[in-house]
Each structure stands twice: as structure tokens, then as C-alpha cells.
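Chain residues, written in single-letter form:
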Amino acid sequence: MRPSLRAALCALAVASAALHAAPAGAVVVERIVAVVGDRPILLSDLRLRARPFLAQILQKVPPGAQQAAAESQMFKELIERMVEEELEAQAADRARINVAADEIDNAFRNIAAAQNKSVAKIYDEARTTSGLSEQDYRDEIRRQILEGKMLQLRVKGRLRLTEDDVRATFDKVVREERRRLEYHPAWIVLRLPAGSSPEAMAERQRLATELATRARRGEDFAGLAKRFSDDTATRDAGGDLGNRATQGSQAAVAGRRPVMALDLEAALMTLDPGHVTDPMRAGDALVVMKLVERAPSKYTTLEAARPEMMQRAQSEVLERAKRKWLEELRRRTHLEVRL
């Protein structure tokens, strides 16, 4: 162990023993959960930061194994975040960057104004909903301001936002939105009887491919379903499956809409309304699917969404640059995580 680190840890143990003196000569030494450079992160600090997250877990996660797993994952993620904050703080020390009390006050005034509340109300809500004291909340805002300053100094000057970045962000946002929108599919089902010969299986595959091709050329999909589909529940309706929710969406979780099998849904997510999938295997059948319609997107064109996409793209590029900077700090700093 390096001399400076050994000294720091010895001093910490002495201070902790003095602060937490126990009866009958017992000595209580604060546990160290991570070391960043020469600075330790204490278990008590980790627990303090974890309080609002623990409160959320207790409210939302069933007790038992699920709750224990959620708490364990939360502590692992939180200690990583605290390590990153300490790396940033040490970099700020070297750059002689700090955060003044009036900067924190201004930040709270801005938060209060944005929410049309008083600063006192903001503090009160943090205390009642998250268990954060006023000082805890101010410390959190100070960390955020400090990170912003360091990013401004070390990262933002290197940012170069391109048209490809904006386009990629738009495409990503549209894909993500699709996974939340309800959609209306139809299908043609060709059963594959158990024990079918290879020749019979090949014939069914040929028919499925032919039906997909005919539908893509403009032939009425509903008419093809009525003529060829083996699914008696939907055949007379032209293979119509009605409105569906995507897996994991609020409508699906609440049971307001049925869902498709995940692989079938994934294929439909790539389609625009009116388009048809290739034949797919689904259990003991081959299916050809058509996306009849999808709930309208709020993103009509890239140009209409450009201001939002540029802001999102900038945030994503900034986050990538931040990760790269933190990795550089990690490589140059002694790190130990003991959790």
C-alpha cells in the first residue's frame, strides 16, 4: 500500500473510533467500500446516498428475493456512480474548479421557477418523498454543477455534431417510440401437420413464400387469408388480429390489449403500415403477417423534429465523450472497489 494511502486509512480509523466510541473499550472502525486515488469512500456515505433509492425499492419491489436482488444491484450501481463522482472531484481539484454556495442557490431558484414552486417547497418535497435533508439535496446539486463545469472544460470543446448524428438519433427515437405504440396486424397461418414429410414441408414453405409475394404485389391480403389460412378463429375475418399492444407497454401490463409472440412482434416492428413479412415459423405453423396500421407517431419528419433531435444527439454525443473521459481518469487513478 502506498504511504499516503496507508496514512489516510490510519487517520480515518482513528477518527472513526473517536466519533463512534463504544463502551467497555470497544473500537468501531468505519468500513471502506472503495478507494479512489488516496481517498476512501465509506460505507456510511454509501448508505446515506442510498436512502432515497432504498425507499423506492421498498415501495415498488415485493419483499424477499426480488427486493434483495434489487437492493444489491442498486448498491453496485451507486458505488460505481460515487467512484465516478470522486474521479471528477479530484480532476476538479487539480483544475482548481469549485462550486460556490450562490451557484447552488441559483440552481434551486431555477428548479423552483421551472416547477412554479418555492425553494422551501422543493426542499420539503425532497424530504418527504426521498428522505433527503436540505443539505443532502444541496450536496447532490453541487455534484451536478461540478460535473457540468468539468464537462464544459474537458469535453464540450471537443464535440462535433454531424448530420449523421442527428439522423441516427431520429431513427433511434422513432424505433423506440414504435415499441410503445399500439398496432393492428393480420396474418395467414399455414399449419404443418406432425409427421409431415420433407416434401410436404417444402410445399408449405413454397406456398407461404408465394402468398407473401402476391400480397406484396398488391393482391388483397384479407382475400388470401380467407382462401388459404388454416386459422379458423381469424380466417373469415381475413386474418384480422385487431389492435395489439407491444410487449412491456403500459397497455400490455394493464391487460388492456393482447400481445403477439415476441418474435412475431419484432418482425412487425420493422414494417411500415401496408407491408408484409417473410414467412416465419410459429410453433406448428408458418405465418405471413401484414401490418395493417399503427398508432400515429408524433415524429412526422426529421425536419419537423430537428430541434429536439439536435438536443438529444448533443446529449448522446456528450455522454459518449464523458464516458471516454472517465475511462481516461480511471486508467490514471488507483481504484479499489470492496463492495
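As shown above, the structure is provided for reference.
Please read these numbers as outputs of a predicted model, since none were measured by experiment.

A. Spotlight on the sheet that holds strand β1 (residues 32-36). Strand order across the open sheet formed by 3 strands is β2-β1-β6, with antiparallel pairing between neighbours. Because the sheet does not close on itself, it has two edges, and the strands there are β2 (39-42) and β6 (335-337). Put simply, the sheet's adjacent strands are angled 20° from each other on average, direction ignored. Bridge count for β1 against β6 is 3 bridges, and the pairing is antiparallel. Each residue of the ladder has a partner; that of V35, found in β6, is E336. Packing against the sheet, helix α2 (residues 43-60) makes contact with β1 and β2, and its axis sits at approximately 50° to β2.

B. Broad picture of the packing of helix α4 (residues 101-114) against helix α5 (residues 119-130). Running from N to C, α4 and α5 cross one another at 90°; their axes reach a closest spacing of 8 Å. Put simply, α4 runs roughly perpendicular to α5. Between α4 and α5, the contacting residues are F108, R109, I111 and A112 on the first element and V119, I122 and Y123 on the second. Taken together, the residues of the contact of α4 with α5 break down into 6 nonpolar, no polar and 1 charged.

C. Main features of helix α9 (residues 221-228). Those residues of α9 lying buried are F221, L224, A225 and F228. The arc enclosing the buried residues of α9, seen along the axis, measures out at 100°, which places them on a common side. Here the buried face of α9 lies against β3 (183-191), α8 (198-216) and β5 (285-294).

D. Region of the structure containing unusual backbone geometry. At R96, a position not held by glycine, the phi torsion is positive, near 60°. Mapping R96 onto the fold places it in the loop between α3 (65-95) and α4. Its relative accessible area of 75% is what places R96 among the exposed residues.

E. Spotlight on the packing of aromatic side chains. Inspection of the entire model under this criterion finds 3 aromatic pairs. When the centroid spacing of 4.8 Å and the interplanar angle of 50° are considered together, the rings of F108 and Y123 count as tilted. Of this pair, F108 sits in helix α4 while Y123 sits in helix α5, and the two are 15 residues apart along the sequence. With a centroid separation of 4.9 Å and an interplanar angle of 90°, the aromatic rings of F108 and Y137 are classed as edge-to-face. Here F108 is found in helix α4, whereas its partner Y137 is found in helix α6 (residues 134-154), with 29 residues between them in sequence.

F. How the structure looks around the nonpolar core. The biggest cluster of nonpolar side chains holds 40 residues, and the ones touching the most others in it are I41, L46, F108, Y137, I141 and W325. Those elements that provide at least two residues to this core are β1, α2, α3, α4, α5, α6 and α12 (302-332). What Y137 contacts, discounting residues up to four positions off in sequence, is F108, I122, Y123 and A126.

G. Spatial organisation of the environment of R138. Within the fold, R138 resides in helix α6. Separated by 15 residues in sequence, R138 and Y123 have C-alpha atoms that sit 9.2 Å apart. Residue contacts for R138: discarding those within four places in its chain leaves A101, I104, D105, F108 and Y123. A distance of 3.2 Å separates a polar atom in the side chain of R138 from a polar atom in the side chain of Y123.

H. Spatial organisation of the pattern of salt bridges. This model, assessed by the stated rule, comprises 34 salt bridges. As a salt-bridge pair, E85 and R81 come within 3.3 Å of each other at their nearest N and O atoms. Pair noted here: E85 and R81 are both in helix α3, with a separation of 4 residues, about one helical turn. On the basis of relative accessible area, E85 is assigned to the buried category, the value being 10%.

Calculation notes
Residues numbered from 1 in each chain as written. Predicted model: local features only at pLDDT ≥ 70, side-chain atom pairs only at ≥ 80, totals over all residues. Heavy atoms only, no water. Pairing = 2+ DSSP bridges. Helix = DSSP H or I, 4+ residues; strand = E, 2+ residues; numbered from the N terminus. Axes fitted to C-alpha atoms, helices over the stretch in contact; angles between N-to-C directions. Contact = heavy atoms within 4.5 Å. Parallel < 35°, antiparallel > 145°, perpendicular 65-115°, else oblique. Nonpolar A, V, L, I, M, F, W, Y, C, P; charged D, E, K, R; others polar. Buried < 20%, exposed > 50% of the residue type's maximum accessible area, 1.4 Å probe, protein only. Arc of directions from axis to C-beta. Phe/Tyr/Trp six-rings, centres within 6.5 Å; stacked < 30°, edge-to-face > 60°. Core = buried A, V, L, I, M, F, W, Y, C linked by side-chain atoms within 4.5 Å. Polar contact = N/O pair within 3.5 Å; in protein donor to acceptor, adjacent residues only side chain to side chain. Salt bridge = Lys/Arg side-chain N within 4 Å of Asp/Glu carboxyl O.

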